[in-house]
Amino acid sequence: MFDVRTVEAGACCDQERESGDSAMSMTARRRRAFQRQACLLSVMAAFSLGLALGVFVPLIGISQAAPKGQTPAVVGAPQDDSGLSRPHQVHPAHQMPHFPTIDDIRAGQDADQVQDPVPGRYASVSFIAEEKLGAEGRKQNEDPLAEKKLQQQGSIVEQMLGAGSKATPERRESRSSKILEESGRETFGGESPEGDGVIREGIYWGSSVERALPKGFDREQSDSWTRYLHEAEVERLEIGCGRMQNRMLVFRDGTRACARYRQNTDQIQGELFSFYLGQLLNLTNLAPSAAAIVDLDARLWSAASEDLSSSQWKPTKPVVITKWIGRLEPAGIPQPFQPLERHLNRYDVRNITEGLDRPRPPAADGVRRLLLDRLSPANPANSLAPALGPAATPLPPDVLERLVELAQWSDLIVFDYLIANLDRVVNNLYNFQWNADIMAAPAHNLARQTDSALLVFLDNESGLLHGYRLLKKYEAYHGLLLDNLCVFRRSTVRALEGLRDANVGQRLNALFERSTTAPIRDVLPPLPEKSVKILVDRIERVLGQVQKCRETFASVR
C-alpha cells in the first residue's frame, strides 16, 4: 500500500531543503551587496582624500611661507623684537599703498584692487607647466623656470664659486671693515651740506650707502677686456661654465674666462646686449663680456684647434666670452623680499637702521636708541636724513652691510625688469608654487664677492629677446618686485631718464658697433627693433614706478 505518512515526511524534507537553499542564497546576495557597498565607499573615501590633499595642502604651504612666529605684517609697518607688527606713526593724511603679493597673482585681482596701472596684469598668469615653444630653437630655449634647473650641477655660478670659497667669519668681518673704510665711516646724516644720510628725498639711497658700495667693473675695465681678447691666445678649452656646450677658456698667460655657445643667436644677443644696457645704466655688477667668432685661423683660437673640434663648436658661430670672477659665494634673497608681503621703502630701511626687523644684542642698544631718536616723527624733517651736526652717529657695520646689499638689489630689480630676465628672481617666484621655502634659498645666477660684498649679475642670456617672447605668461612675476620697490639709486634713475630722452636702440647699437669687429657683425645681428620698442616701454614703466614712489613717500612728514 501507498504509505501517506512516508510521502508527507518526504515532502517535508524537500521543503526544508528548499528553505535552507533559499536562506544560503539570501546570505550570499547580502554578502555581495555589502562588498559592493564597501568597495564604493572606499573609492569615494579615496577620492575625497585626494581632493582634500590637492586643495588644502598648497594653502598650508603658502601659510607656512611667512616667517614662523610672526603675524601678517601691516604693509609698511615695523616690527618689535617679539616679532609682532606695530603700525607706523605716520602723518594722518598719508595712506600707505597696497603692495602686490603672490596672492594677487593667484587671485587675479583687478587693477582697482592692486592699484595696478596695467589692468589684468596680475590675472594673466596661470599656474601650469610651461607650454612648448615653437620649433625654431626649441632645444636651445628650454623652459628656464623648471625647478630641476635649480639642481643642475656644474652651473656657471657653481663653477665660479669653486671649492672653499664660502665666506668665513673672518672674511665677513674683513668685508664689513672694508665697507666702512670705503664709506669713510659715513655717519647717519653726516656733515654733508645736503644732509642726505641713508635716504634722501624719501626714495633715493643717501651718501652713506652710495659711498660704501663696492666699485665693481666699470667701463674702463670692460674696454680693457675687449682689447685683451683682440691680442690674447686661448691655450685650451675645458668643460665647465654651465650648459653642455659652454667651455672654460684658459689663455696662455693663465687668465680664465667662460665662453657661452648656442646654436641660435638669440641668447648670444641677449647676453651681449644685456651687458651693454648695464653699461648705459652705469651698473658695475656685470662681469666684463665681449663677443668673438669661432675661427680656427684667428689668433685667438689657433692654439686650441683640437679642443674646438672636440667641443663640437661650428666655425663662424658667435660666442660671448665673460671674464672669470673669483672669490664668490652664493647670494640669497634679502629678508625684506622673502615673505609674502615683500617690499622695500623708506620705512623698511628705517626698520633696519633701528634694528626692529630682527633682535639686536644688548651692546647695540645705545646706538639703536640714538638712531631711533634721530628717526622719530618728533624730528621736524621726519625723514631718514637726520639733523646735521658733528655728533652724528656712525652706522653699525652689520647695518651698513645690509643696506649696501639692498642698494645693489634695487639696481638688480630694475635691471631684471628692463631685460625681462626669467632666470634669476623670477625663477624663485615661479617655483614658489611648488616649494614654499624657495625664497629663502640662494638666488639663481647671482653671486657675491667674499672680499668686497659686490653682487655679480651672472647669466643674462634670456634678456631682451627670449624673455620678451614670454612676457604674456611671466609679466606678473617681472612686475611683482618692481611694484614693491620704492628706494632707488639716484644715478640709475638719472641714467633711465637719459635713455628715455635719447634713442636707447641707437645707443645700444653704437656700443655694439664700437665693441665688435666687422666679421662678428656679419654673423651677429643688432638688437631687433621690436625688442627696442619693448625696452622703451619698460623704461617708461620703471620711471612711472619712481614717480609713484615720489608721490607716496617723498612728501611724507
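What counts, and at which threshold
- Residues numbered from 1 in each chain as written.
- Predicted model: local features only at pLDDT ≥ 70, side-chain atom pairs only at ≥ 80, totals over all residues.
- Heavy atoms only, no water.
- Helix = DSSP H or I, 4+ residues; strand = E, 2+ residues; numbered from the N terminus.
- Buried < 20%, exposed > 50% of the residue type's maximum accessible area, 1.4 Å probe, protein only.
- Contact = heavy atoms within 4.5 Å.
- Areas by Shrake-Rupley, 256 points an atom, 1.4 Å probe, with all protein chains shown as cover.
- Salt bridge = Lys/Arg side-chain N within 4 Å of Asp/Glu carboxyl O.
- Pairing = 2+ DSSP bridges.
- Axes fitted to C-alpha atoms, helices over the stretch in contact; angles between N-to-C directions.
- Phe/Tyr/Trp six-rings, centres within 6.5 Å; stacked < 30°, edge-to-face > 60°.
- Lys NZ or Arg CZ within 6 Å of the ring centre and 35° of its normal.
- Core = buried A, V, L, I, M, F, W, Y, C linked by side-chain atoms within 4.5 Å.
- pLDDT = per-residue confidence, 0-100.
- Polar contact = N/O pair within 3.5 Å; in protein donor to acceptor, adjacent residues only side chain to side chain.
- Expected span 1.5 Å × (residues − 1).
- Arc of directions from axis to C-beta.
- Parallel < 35°, antiparallel > 145°, perpendicular 65-115°, else oblique.
- Nonpolar A, V, L, I, M, F, W, Y, C, P; charged D, E, K, R; others polar.

### A word on the overall build of the chain
And then number 1: Secondary structure assignment for the chain yields 19 helices and 10 strands.
And then number 2: The buried share of the chain, taken over its 557 residues, is 51%.
And then number 3: Across the chain, every contact between residues at least 6 apart in sequence was considered, and the portion connecting residues at least 24 apart equals 76%.
And then number 4: Put simply, the chain shows about 26400 Å² of open surface, and 55% of that area lies on carbon and sulfur atoms.

### What about the pattern of salt bridges?
And then number 1: Within the structure shown, the criterion is met by 25 salt bridges.
And then number 2: The shortest N-O distance in the salt bridge between Arg 236 and Glu 235 comes to 2.9 Å.
And then number 3: Its relative accessible area of 34% is what places Arg 236 among the partly exposed residues.
And then number 4: When salt bridges that share partners are traced, they join Arg 243, Arg 260, Arg 262, Glu 271, Asp 459 and Glu 461 into one network.

### A closer look at the sheet that holds strand 8 (residues 328–332)
And then number 1: Pairing is antiparallel in the open sheet, where 3 strands are placed in the order 8-9-10. In the strand order of this sheet, the two ends are held by strand 8 and strand 10 (455–457), each with one partner. With direction set aside, neighbouring strand axes in the sheet form an average angle of 50°.
And then number 2: In this structure, strand 8 lies alongside strand 9 (residues 442–449), joined through 4 bridges in antiparallel fashion. Residue Pro 330 lies in a different strand from strand 9, and its bridge partner there is Ala 447.
And then number 3: Of the strands in this sheet, strand 8, strand 9 and strand 10 are in contact with helix 12 (residues 397–419), which crosses strand 10 at around 10°.

### What about the packing of aromatic side chains?
And then number 1: Within this structure, the stated rule accounts for 15 aromatic pairs.
And then number 2: Look at Phe 273 and Phe 512: their rings are 5.2 Å apart centre to centre, the planes differ by 45°, and that puts the pair in the tilted class. Of this pair, Phe 273 sits in helix 8 (residues 266–280) while Phe 512 sits in helix 17 (residues 504–515), placing them 239 residues apart in sequence. Across the pair, Phe 512 and Phe 273 agree in class, each one buried.
And then number 3: Ring centres 6.0 Å apart and planes at 65° place the aromatic pair Tyr 347 and Phe 553 in the edge-to-face group. Placement of the pair is Tyr 347 in helix 10 (residues 346–354) and Phe 553 in helix 19 (residues 529–554), with a sequence separation of 206 residues.
And then number 4: By the ring-pair criterion, three or more aromatic residues cluster together here, those being Phe 273, Phe 275, Tyr 276 and Phe 512.
And then number 5: Between the NZ or CZ atom of Arg 256 and the centre of the ring of Trp 324, over which it lies, the distance is 4.4 Å.

### Here we look at the nonpolar core
And then number 1: Residues Trp 205, Leu 281, Leu 403, Trp 409, Leu 418, Leu 508 and Leu 535 are the most contacted members of the largest nonpolar core, which totals 91 residues.
And then number 2: Non-local contacts of Leu 281, meaning those with residues more than four positions away in its chain, are made with Phe 415, Leu 418, Ala 495, Leu 496 and Leu 499.
And then number 3: By size, the runner-up hydrophobic cluster in this structure holds 20 residues, among which are Ala 232, Leu 237, Leu 300 and Ala 304.

### Some details on the confidence of the model for the chain
And then number 1: Chain-level statistics for the chain give a pLDDT mean of 75 and a share of 63% at 70 or above.
And then number 2: Within the model, pLDDT remains below 50 along residues 359–391, and this stretch shows 66 contacts once partners closer than five positions in the same chain are excluded.

### A closer look at the pairing of strand 6 (residues 289–293)
And then number 1: Burial analysis of strand 6 places 5 of its 5 residues in the buried class, the great majority of the element.
And then number 2: The alternating pattern of strand 6 places Ser 289, Ala 291 and Ile 293 on one face and Ala 290 and Ala 292 on the opposite face, and all of these are buried.
And then number 3: One ladder, built from 5 bridges, connects strand 6 with strand 7 (residues 318–323); its direction is antiparallel. Directly across from Ala 290, in strand 7, lies its bridge partner Ile 321.

### A closer look at the environment of Asn 509
And then number 1: You can see Asn 509 is positioned in helix 17.
And then number 2: Those residues in contact with Asn 509 that sit more than four places away from it in its chain are Phe 273, Pro 526 and Leu 527.

### Focus on the side chain of Arg 490
And then number 1: Following the sequence through the fold, Arg 490 ends up in helix 16 (residues 490–501).
And then number 2: There is a polar contact of 2.8 Å between the side chain of Arg 490 and the side chain of Glu 201.
And then number 3: Ignoring sequence-local partners within four residues, the contact set of Arg 490 consists of Arg 200, Glu 201, Tyr 204 and Glu 210.

### Observations concerning the sheet that holds strand 6
And then number 1: Spatially, the 5 strands line up as an open sheet ordered 3-4-5-7-6, and their pairing is antiparallel. This sheet does not close on itself; its edge strands, each paired only once, are strand 3 (234–239) and strand 6. The mean angle between the axes of side-by-side strands here comes to 30°, regardless of whether they run parallel or antiparallel.
And then number 2: Set on the sheet, helix 8 makes contact with strand 5 (256–261), strand 6 and strand 7; between it and strand 7 the angle comes to about 45°.

### Points about the environment of Arg 236
And then number 1: Mapping Arg 236 onto the fold places it in strand 3.
And then number 2: For the pair Arg 236 and Ser 305, spaced 69 residues apart in the sequence, the C-alpha separation amounts to 8.6 Å.
And then number 3: With sequence-adjacent residues up to four places away left out, Arg 236 is seen in contact with Met 248, Leu 249, Val 250, Ala 304 and Asp 307.

### Quick look at helix 17
And then number 1: The terminal C-alpha atoms of helix 17, which comprises 12 residues, lie 17 Å apart, in line with the 16 Å expected from a rise of 1.5 Å per residue.
And then number 2: Val 504, Gly 505, Leu 508, Leu 511, Phe 512 and Ser 515 are the residues of helix 17 that are buried. Down the axis, helix 17 shows its buried residues gathered within 130° of arc, on one side only.
And then number 3: On its buried side, helix 17 packs onto helix 7 (219–231), helix 8, helix 16, helix 18 (518–523) and helix 19.
And then number 4: The backbone nitrogen of Gly 505 has a side-chain oxygen 3.0 Å away, supplied by the residue at the start of helix 17, namely Asn 503.

### Description of the packing of helix 17 against helix 19
And then number 1: Packing of helix 17 against helix 19 brings their axes to within 9 Å, and their N-to-C directions diverge by 120°. As far as their axial angle goes, helix 19 and helix 17 are oblique. Here helix 17 contributes Val 504, Gly 505 and Leu 508 to the contact with helix 19, which in turn contributes Val 532, Leu 535, Val 536 and Ile 539.
And then number 2: Residues belonging to the contact of helix 17 with helix 19 are distributed by class as follows: 6 nonpolar, 1 polar and no charged.

### Focus on the pairing of strand 9
And then number 1: Taking burial as the measure, the 8 residues of strand 9 include 7 buried ones, the bulk of the element.
And then number 2: Bridge count between strand 9 and strand 10: 3 bridges; the pairing is antiparallel. Its bridge partner being in strand 10, Ala 447 is matched across the sheet by Val 456.
And then number 3: The hairpin formed by strand 9 and strand 10 contains 5 residues between the paired strands, and Ala 453 there has a positive phi angle of roughly 70°.

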